[in-house]
Amino acid sequence: DAGVIQSPRHEVTEMGQEVTLRCKPISGHNSLFWYRQTMMRGLELLIYFNNNVPIDDSGMPEDRFSAKMPNASFSTLKIQPSEPRDSAVYFCASSLMQGIHEQYFGPGTRLTVT
Amino acid sequence: QQPVQSPQAVILREGEDAVINCSSSKALYSVHWYRQKHGEAPVFLMILLKGGEQKGHEKISASFNEKKQQSSLYLTASQLSYSGTYFCGTEGHSSASKIIFGSGTRLSIRP
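Not measured: the values here are computed from a predicted model.

1. Observations regarding the overall build of chain A
Thought 1: From N to C terminus, chain A includes zero helices and eleven strands.
Thought 2: Secondary structure of chain A in N-to-C order comes out as β-β-β-β-β-β-β-β-β-β-β.
Thought 3: Over its C-alpha trace chain A gives a radius of gyration of 13 Å, about what one expects of a compact globule, namely 13 Å for 114 residues.
Thought 4: C-alpha extents for chain A along the principal axes are approximately 35 × 30 × 25 Å.
Thought 5: Split into buried and exposed, the 114 residues of chain A put 47% on the buried side.
Thought 6: Here the analysis covers contacts within chain A between residues at least 6 apart in sequence; of these, 55% occur between residues at least 24 apart.
Thought 7: Roughly 5,600 Å² of accessible area belongs to chain A as shown, and the carbon and sulfur atoms make up 51% of that amount.
Thought 8: Mean positive and mean negative side-chain charge positions of chain A (10 and 12 charges, respectively) differ by 3 Å.

This is the structure:
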């Protein structure tokens, strides 16, 4: 299996622009997670899905952030408009089920907003 | 609530042992341990479920004390490859609960 696939790997954009991050989970996994990692705040869970349904989005920082999972093999995290404080590494992870199973992390997308 | 990890950082010489602690202020259902090397994604090490179990993989093991809401990760005879940041993640008792990660413990191994 190719593992969790994320794109792009690096994104540099200007403040105010829309940013879309993409994730393909491991085939057969039912849970998908979006995390943000910064030096100051560590590894934060933004939102997670079970069977394509958003379960908990309490970690989404603001209305500027939105996430979708239209099918079992694809998810997006969108930031509109982006701000410099959104600069971070965004990880997508998937697991067979939420909680009792290990999460497999993708390589991450390093986002820089100038 | 984010679990508290200690120490925040530790430096060892190759072959020495280390213990990383993780504590929570709420009742736990499970504890997860991950290791992240610089510039890479976190990688799963082990999950411990309630019941005070211990698990181990080679020279890395962990314990979970449900009553104290604590878990410890033990690294024995550390190797250079053990360097990285170790995160514990805790899950509460709700069936829909999420895993909350601690702030991490940075482990550096010197030859």
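Anyway, onward from the coordinates.
2. Section: the side chain of Gln37 of chain A
Thought 1: By secondary structure assignment, the location of Gln37 of chain A is in strand E4 (residues 31-38).
Thought 2: Among the polar contacts made by the side chain of Gln37 of chain A, one reaches the side chain of Gln36 of chain B at a distance of 2.8 Å.
Thought 3: Beyond its immediate stretch of four places on either side in the chain, Gln37 of chain A contacts Gly42, Leu43, Ala88, Val89 and Phe91 of chain A together with Gln36 and Phe87 of chain B.

3. Let's talk about the pattern of salt bridges
Residues and elements named next belong to chain A.
Thought 1: Applying the stated criterion to the full structure yields nine salt bridges over all chains.
Thought 2: Residue Glu18 pairs with Lys78 through a salt bridge whose shortest N-O separation is 3.8 Å. Note that Glu18 is positioned in the loop between strand E2 (10-13) and strand E3 (19-24) and Lys78 in strand E8 (residues 74-79), a separation of 60 residues in sequence.
Thought 3: The partner of Glu83 in a salt bridge is Arg64, with the nearest N and O atoms 3.5 Å apart.

4. Topic: the state of the cysteines
Residue and element names in this part refer to chain A.
Thought 1: Under the definition given, this model contains two disulfides over all chains.
Thought 2: Note that Cys23 is cross-linked by a disulfide to Cys92, the S-S spacing being 1.9 Å. Handedness here is read from the sign of the S-S torsion; for Cys23 and Cys92, about -65°, the answer is left-handed. Of this pair, Cys23 sits in strand E3 while Cys92 sits in strand E9 (residues 88-95), placing them 69 residues apart in sequence.

5. Here we look at the packing of aromatic side chains
Thought 1: Scanning all chains against the criterion turns up eight aromatic pairs over all chains.
Thought 2: Aromatic pair Phe91 of chain A and Phe105 of chain A: ring centres 6.0 Å apart, planes at 80°, arrangement edge-to-face. One end of the pair, Phe91 of chain A, is in strand E9; the other, Phe105 of chain A, is in strand E10 (residues 104-105), with 14 residues separating them in the sequence.
Thought 3: An aromatic cluster of at least three residues, connected via ring pairs, comprises Phe33, Tyr35, Tyr48, Phe91 and Phe105 of chain A together with Tyr34, Phe44 and Phe101 of chain B.

6. A short note on the interface of chain A and chain B
Many analyses report the size of an interface as the accessible area lost when the parts associate.
Thought 1: Facing the 18 residues of chain A at the interface are 18 residues of chain B.
Thought 2: Interface area for chain A against chain B, summed over the two sides, is near 1,500 Å², with a carbon-plus-sulfur share of 56%.
Thought 3: Viewed at the interface, chain B and chain A are joined by one salt bridge.
Thought 4: We note a salt bridge from Lys98 of chain B to Asp56 of chain A, for which the minimum N-O separation is 3.3 Å.
Thought 5: Contributing elements (two or more residues each) for the side of chain A that touches chain B: E4, strand E5 (42-50) and strand E6 (53-56) of chain A.
Thought 6: A total of three residues in the side of chain A that touches chain B trace back to one element, the largest contributor, which is E5 of chain A.

Quick notes on the rules
Every chain's residues receive numbers from 1 upward, in the order its sequence appears when written. Following the order in which they are written, the chains are lettered starting with A and the ligands numbered starting with 1. pLDDT decides what is reported in this predicted model: residues at 70 or higher carry local features, side-chain atom pairs at 80 or more are listed and counted, and totals for whole chains, interfaces and linings draw on all residues regardless. Hydrogens and water are ignored here; the side-chain numbers use all heavy atoms of the structure. In this text, helices come from DSSP runs of H or I with a minimum length of four residues, and strands from runs of E with a minimum of two, each type numbered from the N-terminal end. Two things to know: the radius of gyration comes from C-alpha atoms, and the globule rule equals 2.2 Å times the number of residues to the power 0.38. Under the scheme applied here, a residue whose accessible area is under 20% of the maximum for its type counts as buried, over 50% as exposed, and between as partly exposed, the area being computed with a 1.4 Å probe on protein chains only. We call two residues contacting when some pair of their heavy atoms lies within 4.5 Å. Each accessible area is a Shrake-Rupley result for a 1.4 Å probe, and residues are judged covered by the shown protein chains and nothing else. When charges are tallied, Lys and Arg are placed among the positive residues and Asp and Glu among the negative ones, while His and the ends of the chain are skipped. All charge positions are set by atom: Lys at NZ, Arg at CZ, Asp at CG, Glu at CD. For this analysis, a polar contact is any N or O atom pair within 3.5 Å, provided that within protein one partner can donate a hydrogen and the other can accept it, and provided that sequence-adjacent residues contribute only side-chain to side-chain pairs. The working definition used for a salt bridge is a side-chain nitrogen of Lys or Arg within 4 Å of a carboxyl oxygen of Asp or Glu. A pair of sulfur atoms, both from cysteines and within 2.5 Å, is called a disulfide here. In this analysis, rings of Phe, Tyr and Trp, with Trp reduced to its six-membered ring, are considered paired at centre separations within 6.5 Å, and the interplanar angle assigns stacked below 30 degrees, edge-to-face beyond 60, and tilted for intermediate values. By buried area we mean how much accessible surface two parts lose on assembly, using a 1.4 Å probe and totalling the loss over both.

Take it as geometry only, folks, not as evidence of what the structure does.
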